[in-house]
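Examining the three-dimensional arrangement
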Amino acid sequence: MTNPLVIFFMTPNMTRHEMKDKVGAYEFLAEPFHCDFSGRLFMGHLGNHMLNAADFHSNDRGYGMSVLGPMHRTWVLSRLVIEMDVMPKAYDKFTVETWVESAMKYFTGRNFAITSADGRVCGYGKSIWAMIDTVTRQPVDILSINDGLVLEYVEKDKPCPIDKPGRARVGEGAKLVRTVDTYYNDVDINGHINSIKYIEHALDLFDVEWFKAHRLKRMEVAYIAETYQGDKLSFFVEETEDLHYGIKLVKTDKNTHGTIEVCRMSLFFVKD
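Let me sum up the structure you'll find in this document. (Residues numbered from 1 in each chain as written. Predicted model: local features only at pLDDT ≥ 70, side-chain atom pairs only at ≥ 80, totals over all residues. Heavy atoms only, no water.)

In this section: the sheet that holds strand S8 (residues 232-241). Strand order in the open sheet formed by 10 strands is S1-S3-S4-S5-S2-S7-S10-S9-S8-S6, and the pairing between neighbours is antiparallel. Pairing within the sheet leaves two strands with one partner each, and these edge strands are strand S1 (24-29) and strand S6 (175-181). Direction aside, neighbouring strands of the sheet carry axes that sit 25° apart on average. Of the pairings in the sheet, the one linking strand S3 (residues 93-103) to strand S4 (residues 108-116) comprises nine bridges and is antiparallel in character. Residue pairing across strands places Glu-97 opposite Ala-113, the latter belonging to S4. Contacting S1, strand S2 (73-84), S3, S4, strand S5 (121-133) and strand S7 (214-223), helix H2 (residues 43-60) runs over the sheet at an angle of about 145° to S1. Running at roughly 135° to S7, helix H4 (residues 195-203) makes contact with S2, S6, S7, S8, strand S9 (244-252) and strand S10 (259-271) of the sheet. (Pairing = 2+ DSSP bridges. Helix = DSSP H or I, 4+ residues; strand = E, 2+ residues; numbered from the N terminus. Axes fitted to C-alpha atoms, helices over the stretch in contact; angles between N-to-C directions. Contact = heavy atoms within 4.5 Å.)

Our focus in this paragraph is unusual backbone geometry. A positive phi angle, near 65°, is found at Arg-137, a position not held by glycine. One can find Arg-137 in the loop between S5 and S6. According to the relative accessible area criterion, Arg-137 is partly exposed, its value standing at 23%. Even without being a glycine, Asn-146 presents a positive backbone phi close to 50°. With respect to the helices, strands and loops of the structure, Asn-146 is situated in the loop between S5 and S6. (Buried < 20%, exposed > 50% of the residue type's maximum accessible area, 1.4 Å probe, protein only.)

Tallied over the entire structure, the rule returns 13 salt bridges. Here Asp-133 ties to Arg-73 by a salt bridge, and the two come within 2.9 Å at their closest N and O atoms. Taken as a pair, Asp-133 in strand S5 and Arg-73 in strand S2 lie far apart in primary sequence, 60 residues in all. For Arg-73, a relative accessible area of 24% puts it in the partly exposed group. Measuring nitrogen to oxygen at the nearest pair gives 3.7 Å for the salt bridge that ties Glu-101 to Lys-126. Of this pair, Glu-101 sits in strand S3 while Lys-126 sits in strand S5, and the two are 25 residues apart along the sequence. A relative accessible area of 7% places Lys-126 in the buried class. By sharing partners, the salt bridges in this structure join Glu-83, Arg-218 and Glu-220 into a single network. (Salt bridge = Lys/Arg side-chain N within 4 Å of Asp/Glu carboxyl O.)

Keep in mind that these numbers describe shape and distance, not what the molecule does.
This is the structure:
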């Protein structure tokens, strides 16, 4: 009797990789204790769901963290834009769709669409990612992973109708508002301060009374340098236009005691 397993491995039409859909869709729940006083999902938790969707999508397609880990490689976020018309409410199920819009040697663009259970669009996101060596922390050629497999998943036709990240400008007039310490809960799987923690700390610069009257419509984040547990993060803020705020984060270099800029943000609020 012929061994079917042998036939499977010798099939001439087999390819090295079974293609999946270019767009991935992942369902999440707005858990009640991930929601703020208004019963809407915290922006930080939405950001984490988006990053998880990106991880699920890349892992399923052969260029994610589970593949990169043994190679001492990892993805790091360089730019992030989230623009929301409405945030999911407590107990709402919602879907995060994600797809790769572009891929080059050192950067790849990834988009997101957030939809409600009945298919209504809640908002969109755009992001830029780089790949680094986890030992040297230096950039790595993305197209060297699995013979440039990511290129097979580039989807240019699906719309993501929000503006790309702008150039976050924070002038000399920005004022130091707060300095925060970093601890165990700030550190993520990559060993540095989690990308979303910067956002949470920045939004904490505005109090509950502010959020009772205003809604964060759009957020742009540019990540510049890594920070680690024990670093002190100083937040400088200026109102660049009415309800638009520029935020600059710096850390103090432990050796030179000079300051290093690590992140810039633009926050765009609307009256609620």
